[in-house]
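In case you want the letters, here they are:
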Amino acid sequence: MDSDACSVNTNFCRFCDTLLVRKGKDGTMMTDTVASLDSMANDLARDENLRIQMGANNPSIWPGLHQAWSTLAEQVASDESDASTRSRVMSIARFTRNLVAAVPSNQQNAL
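This is a predicted model, so every value here is computed, not measured.

A. Representation of the packing of aromatic side chains. Following the criterion strictly, the structure yields two aromatic pairs and no others. Where Phe12 meets Phe95, the ring centres are 4.4 Å apart and the plane angle is 5 degrees; that geometry is what we call stacked. A residue pair is termed long-range when its members are at least 10 positions apart, and Phe12 in helix 1 (residues 3-22) and Phe95 in helix 5 (residues 83-100) qualify at 83 residues. When sorted by exposure, Phe12 lands in the same class as Phe95, which is buried. Taken together, the ring pairs in this structure connect Phe12, Phe15 and Phe95 into an aromatic cluster.

Here you go:
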């Protein structure tokens, strides 16, 4: 198991924990968290091996990714959407897009 992918998986799981626990209420923490997520998305865009490993390694990113999308969808649907929420939606969308690019197993897991 590649330690870089494990580290990225752990960081992504922390993002999800922050999103789910705080629901975007701590602006500074969420700004830092979104910046970290954007950095992960950039790494995924450049490195197919990282995409493959991240989709397969533990801790699994899939439950957190699904819950993050669900939480953000609820916030948008309940008119809790503000600039911070939109920023998180864009970041998770970039992350998801880059994670599934050219990796069929990730495409299946993302659904």
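B. View of the environment of Ala41. Examined against the element boundaries, Ala41 turns out to sit in helix 2 (residues 27-46). As a C-alpha pair, Ala41 and Asn98 span 57 residues in sequence and 6.1 Å in three-dimensional space.

C. Molecular detail of the nonpolar core. The biggest cluster of nonpolar side chains holds 19 residues, and the ones touching the most others in it are Phe12, Met54, Ile92, Phe95 and Leu99. Of all the secondary-structure elements, those providing two or more residues to this core are helix 1, helix 2, helix 3 (48-56), helix 4 (62-77) and helix 5. Ranked by the residues each element gives to this core, the list is headed by helix 1, at five residues. Contact partners of Leu99, with chain neighbours within four places excluded, come to Leu44, Arg51, Met54, Ile61, Trp62, Leu65 and Asn106.

Analysis parameters
Residues numbered from 1 in each chain as written. Predicted model: local features only at pLDDT ≥ 70, side-chain atom pairs only at ≥ 80, totals over all residues. Heavy atoms only, no water. Phe/Tyr/Trp six-rings, centres within 6.5 Å; stacked < 30°, edge-to-face > 60°. Helix = DSSP H or I, 4+ residues; strand = E, 2+ residues; numbered from the N terminus. Buried < 20%, exposed > 50% of the residue type's maximum accessible area, 1.4 Å probe, protein only. Core = buried A, V, L, I, M, F, W, Y, C linked by side-chain atoms within 4.5 Å. Contact = heavy atoms within 4.5 Å.

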